[in-house]
Number of protein chains: 2
Amino acid sequence: MKLSEGVEWGLHCVSVLAGLPSGATLPTKTLAEYHGLSETYLSKHLQALTNARIIESVPGPRGGYRLLRLPEEITLLEIVEAIDGREPLFRCTEIRQRGPLACEASAQAYRLPCGIHVAMARAEKAWREALKTQTLADIVNQYTQDVDPQQQQRRNQWMSERLRSAPKKS
Amino acid sequence: MKLSEGVEWGLHCVSVLAGLPSGATLPTKTLAEYHGLSETYLSKHLQALTNARIIESVPGPRGGYRLLRLPEEITLLEIVEAIDGREPLFRCTEIRQRGPLACEASAQAYRLPCGIHVAMARAEKAWREALKTQTLADIVNQYTQDVDPQQQQRRNQWMSERLRSAPKKS
DNA sequence: GGATGAATACTCGGATATTTATTGTCCGAGTCATCCTGG
DNA sequence: CCAGGATGACTCGGACAATAAATATCCGAGTATTCATCC
């Protein structure tokens with residue numbers, strides 16, 4: 001099992017968008033070029049982020065994507081779920097109710113949830129909580145601290161040459 | 001993304017094996033029949049559990065599978081990893097090093113790990129830790145507490161009619 | 001010169017192929033139990 | 001009646017297809033810009 005690669009793409013893209021001036025947008029083409037990704041496939045994931053109301057799209061020439069909320073208000077869990085889906089990792093199919101003995105069992109024998117299901121859900125909750133407590137702002141701050149300042153400046157320069165200022169708020 | 005269904009199958013099967021008398025075995029056929037599963041496909045997963053040294057196989061007639069260790073010494077993480085693989089959920093492909101700016105960047109610009117990779121790994125560790133702190137014995141105990149005693153007895157009866165006593169320890 | 005209108009280029013959005021991973025199946029190798037034969 | 005050996009049936013083990021999901025791509029809908037034309 002593995003997470004979709006789109007999750008990685010999405011996380012990097014929203015991190016870039018978080019670093020832009022307020023209201024500014026970047027088109028798919030620029031985001032794809034910067035990361036060396038397929039433009040058309042990245043578009044699919046940016047759509048998913050748009051549907052999840054994490055980013056918003058500005059159509060037409062000079063259009064693009066920008067964050068819909070502040071980085072502090074966007075958790076990593078939201079981004080992961082937007083791209084990879086909201087369904088649980090472990091899906092209990094109730095195989096305890098499928099054997100030959102299950103047919104004879106009283107109805108109330110299965111009123112309590114499956115213990116295995118509970119145990120797996122517990123671990124999954126820990127994962128989601130860990131993702132929920134980390135926001136996009138944390139990622140950006142870490143980037144600012146860790147990455148070579150010269151490299152940061154190069155990125156800002158490159159981005160500023162390609163970003164589009166927003167005409168107005170939606 | 002979803003975990004393999006085989007994880008659910010494996011968890012239920014080892015739970016059943018944990019309830020057997022010491023040394024007794026059950027063949028794939030019985031385990032599959034009890035849960036209403038495909039015998040051949042379940043066999044594949046039991047193989048994986050064998051390779052992970054969680055259960056062991058006894059070949060030949062009157063053969064089958066049995067736990068290789070005590071339930072207290074088998075964590076859920078081991079079972080999950082045995083079937084679903086030990087690779088991480090999130091795989092950082094270092095796309096930060098793939099853009100046009102990355103080529104010009106100094107080598108030491110990427111000495112520190114990718115912040116997104118770190119954040120995702122943190123969540124994943126929480127998931128693994130939660131699985132690691134729960135053992136097979138916990139599952140069995142919960143089952144003993146929750147499930148209708150009459151149903152438990154029916155299961156024990158059904159199993160005792162099909163289990164094979166172990167000739168000797170390996 | 002300014003305003004209006006149509007044409008245009010660029011953007012996102014969803015529907016459509018291709019590749020990979022998961023799911024499911026089959027047949028062969030090995031082993032213990034059973035049965036038959038001989039002492 | 002007991003021991004030995006060959007036979008046979010049952011088990012696991014890994015190699016081989018079918019299905020589902022993820023990956024990658026293409027073309028159409030919509031919009032702000034731009035340019036030409038008219039007033």
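Going by the structure above, here's the rest.
Chains are numbered independently. Their residues run from 1 in the order of the written sequence. Chains carry letters and ligands carry numbers; both start at the beginning, A for chains and 1 for ligands, and go up in the order they are written. Totals for whole chains, interfaces and linings use every residue, but because this is a predicted model, local features are given only for residues with pLDDT of at least 70 and side-chain atom pairs only at 80 or more, for both listing and counting. Values reported for side chains reflect all heavy atoms of the structure, with hydrogen atoms and water molecules removed beforehand.

**Quick notes on the overall build of chain A**
For step 1, the next point in the chain: Strands are runs of DSSP state E lasting at least 2 residues, helices are runs of H or I lasting at least 4, and numbering of each runs from the N terminus. Looking only at helices and strands, chain A has 8 helices and 2 strands in total.
For step 2, the next point in the chain: When its helices and strands are written in sequence order, chain A yields α-α-α-β-β-α-α-α-α-α.
For step 3, the next point in the chain: Rg of the C-alpha trace for chain A: 21 Å, well past the compact-globule value of 15 Å for 170 residues, more than 25% over.
For step 4, the next point in the chain: Judged by the C-alpha coordinates and their principal axes, chain A covers about 70 × 35 × 30 Å.
For step 5, the next point in the chain: Each of the 170 residues in chain A was classed as buried or not, and the buried ones make up 48%. Radius of gyration here uses only the C-alpha atoms, and the compact-globule reference equals 2.2 Å multiplied by the residue count raised to the power 0.38. Exposure classes here rest on a 1.4 Å probe applied to the protein chains alone. A residue is buried below 20% of its type maximum, exposed above 50%, and partly exposed in between.

**A word on the protein's contact with DNA strand C**
For step 1, the next point in the chain: Among the 21 residues in the neighbourhood of DNA strand C, the closest are listed as A:Gln47, A:Ser57, A:Tyr65, A:Arg164 and B:Ser4.
For step 2, the next point in the chain: Residues adjacent in sequence count toward polar contacts only when both atoms are side-chain atoms; beyond that, a polar contact is any pair of N or O atoms within 3.5 Å, and within protein one must be able to donate a hydrogen and the other to accept it. Here A:Gly60 contributes a backbone N or O atom positioned 3.1 Å from a sugar or linking oxygen of DNA strand C.
For step 3, the next point in the chain: Elements with a minimum of two residues in the surface near DNA strand C: β2 (64–67) of chain A together with α1 (5–18) and α3 (39–51) of chain B.
For step 4, the next point in the chain: Looking at the surface near DNA strand C, the element that brings in the most residues is α3(B), giving 3 residues.
For step 5, the next point in the chain: Counted by class, the surface near DNA strand C contains 8 nonpolar, 9 polar and 4 charged residues. What makes a residue near a molecule or strand is one non-hydrogen atom of that residue sitting within 4 Å of it. Put simply, Ala, Val, Leu, Ile, Met, Phe, Trp, Tyr, Cys and Pro go in the nonpolar bin, Asp, Glu, Lys and Arg in the charged bin, and everything else, Gly too, in the polar bin.

**Examining the interface of chain B and chain A**
Many authors give the size of an interface as the accessible area that is lost as the parts come together.
For step 1, the next point in the chain: Residue contacts are defined here by distance: any two heavy atoms, one from each residue, within 4.5 Å place the two residues in contact. Across the boundary between the two partners, chain B contributes 57 residues, which contact 57 residues of chain A.
For step 2, the next point in the chain: Buried area is a sum: the accessible area each of two parts loses on coming together, probed at 1.4 Å, counted once for each and added. Carbon and sulfur atoms make up 66% of the surface buried where chain B meets chain A, a total of about 5,100 Å² over both sides.
For step 3, the next point in the chain: Of all residues in chain B, B:Met1, B:Ile95 and B:Leu101 give up the largest surface area on contact with chain A, accounting jointly for 15% of the area buried on that side.
For step 4, the next point in the chain: We define a salt bridge as a side-chain nitrogen of Lys or Arg found within 4 Å of a carboxyl oxygen belonging to Asp or Glu. Our count for the contact surface shared by chain B and chain A stands at 0 salt bridges.
For step 5, the next point in the chain: Listed by contribution, the elements that provide at least two residues to the side of chain B that touches chain A are α1, α2 (28–35), α4 (76–84), α5 (100–104), α6 (115–132), α7 (136–146) and α8 (149–160) of chain B.
For step 6, the next point in the chain: Each residue belonging to the side of chain B that touches chain A can be placed in one class, and the counts come to 31 nonpolar, 10 polar and 16 charged.

**Here we look at the protein's contact with DNA strand D**
For step 1, the next point in the chain: Contacts to DNA strand D come from 19 residues, most closely from A:Ser4, B:Gln47, B:Ser57, B:Tyr65 and B:Arg164.
For step 2, the next point in the chain: Protein-proximal atoms of DNA strand D, defined as those within 4 Å of the protein, fall in sugar or phosphate at a share of 60%.
For step 3, the next point in the chain: Between a base nitrogen of DNA strand D and a side-chain N or O atom of B:Gln47, the distance comes to 2.9 Å.
For step 4, the next point in the chain: When residues of the surface near DNA strand D are traced back to their parent elements, those giving at least two are α1 (5–18) and α3 (39–51) of chain A together with β2 (64–67) of chain B.
For step 5, the next point in the chain: For the surface near DNA strand D, the leading source of residues is α3(A), giving 3 residues.
For step 6, the next point in the chain: When the residues that make up the surface near DNA strand D are grouped by side-chain class, the tally is 7 nonpolar, 9 polar and 3 charged.

**Some details on the side chain of B:Glu8**
For step 1, the next point in the chain: In this fold, B:Glu8 is placed in helix α1.
For step 2, the next point in the chain: Not counting the four nearest positions on each side in its chain, B:Glu8 is found in contact with A:Phe90, A:Arg91, A:Cys92, A:Thr93, A:Glu94 and A:Ile95.

**Re unusual backbone geometry**
Residue and element names in this part refer to chain A.
For step 1, the next point in the chain: Positioned with a positive phi, Glu94 is a non-glycine residue whose angle comes to about 60°.
For step 2, the next point in the chain: Mapped onto the secondary structure, Glu94 falls in the loop between α4 (76–84) and α5 (100–104).
For step 3, the next point in the chain: Taking the relative accessible area as the measure of exposure, Glu94 reaches 24% and is therefore partly exposed.

**Concerning the relation of the copies chain B and chain A**
For step 1, the next point in the chain: Of the transformation superimposing chain B on chain A, the axial component is 0.0 Å and the angular component is 180°, with the fit at an RMSD of 0.0 Å. Within this description, the copies of the chain are treated as partners about a two-fold rotation axis. Closest approach to the rotation axis within chain B is made by the C-alpha atom of B:Trp127, at a distance of 2.4 Å.
For step 2, the next point in the chain: Both copies share a contact surface, since 100% of the interface residues of chain B are interface residues in chain A too. Here the copies were fitted onto each other by least squares, based on C-alpha atoms from residues at pLDDT of at least 70 in both.

**A word on the packing of aromatic side chains**
For step 1, the next point in the chain: Pairing of aromatic rings covers Phe, Tyr and Trp, the last counted by its six-membered ring, and requires centre-to-centre distances within 6.5 Å; plane angles under 30 degrees mean stacked, over 60 mean edge-to-face, and any other angle means tilted. Considering all chains together, one arrives at 4 aromatic pairs over all chains under this definition.
For step 2, the next point in the chain: When the ring of B:Trp9 is compared with that of B:Tyr41, the centres are 5.3 Å apart and the planes differ by 75°; the resulting orientation is edge-to-face. Highlighted residues: B:Trp9 in helix α1 and B:Tyr41 in helix α3, separated in sequence by 32 residues.
For step 3, the next point in the chain: With a relative accessible area of 8%, B:Trp9 lands in the buried category.
For step 4, the next point in the chain: What makes B:Tyr41 partly exposed here is its relative accessible area of 39%.
For step 5, the next point in the chain: Here, over-ring charges are defined by two tests on the NZ atom of lysine or the CZ atom of arginine: distance to the ring centre within 6 Å, and angle to the ring normal within 35 degrees. The ring of A:Trp158 has A:Arg162 lying over it, and the distance from NZ or CZ to the ring centre is 3.8 Å.

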